Amino acid sequence: ETKHPTEKPIELIEKLIKVSSKPGDLVVDPFMGSGTTAVAAKNLGRRYLGYELHTPYLNMARQRLRAVPSGGKGEKTDDSQESTDPAGSKPDSLRP
């Protein structure tokens, strides 16, 4: 739980990510707030790309993501396939 006013439960976001993607897929969140979607994606072995204009929330998201072990807590990914999002940026990125 964070100080973001509209944070969603991570369990809900993880369920949505599980049914709409597979390990290694890219999850994009253009309004990431405190980073719940990126944390859920990392937990499940998905790559993530998030954008947030407000620096305090961006810093909160970065701090939360640092606390998630590499490879997440659950599903395994195939590290042999490196790819990027359609705009050409690296996966697992946060953008101001």
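Nothing here was measured: the structure is a model prediction, and the numbers come from that model. (Residues numbered from 1 in each chain as written. Predicted model: local features only at pLDDT ≥ 70, side-chain atom pairs only at ≥ 80, totals over all residues. Heavy atoms only, no water.)

### A short note on the side chain of threonine 36
Selection rule: A run of DSSP states H or I qualifies as a helix once it reaches four residues; a run of E qualifies as a strand once it reaches two. Both are numbered from the N-terminal end. Buried means the residue's accessible area, taken with a 1.4 Å probe over protein chains only, is under 20% of the maximum for its type, while exposed means over 50%, and partly exposed covers the values in between. Note on contacts: a residue pair qualifies if any of its non-hydrogen atoms lie within 4.5 Å across the two residues.
Structurally, threonine 36 can be placed in helix α2 (residues 36-43). Residue threonine 36 is classed as buried on the basis of its relative accessible area, which comes to 7%. When near neighbours in sequence (up to four residues on either side) are disregarded, threonine 36 contacts Glu7, Lys8, Ile10, Ile13 and Arg64.

### Let's talk about α2
With eight of its eight residues buried, α2 lies for the most part within the structure. Of the positions making up α2, those classed as buried are Thr36, Thr37, Ala38, Val39, Ala40, Ala41, Lys42 and Asn43. On the buried face of α2, the contacting elements are α1 (10-20), β1 (26-29), β2 (47-51) and α3 (55-66).

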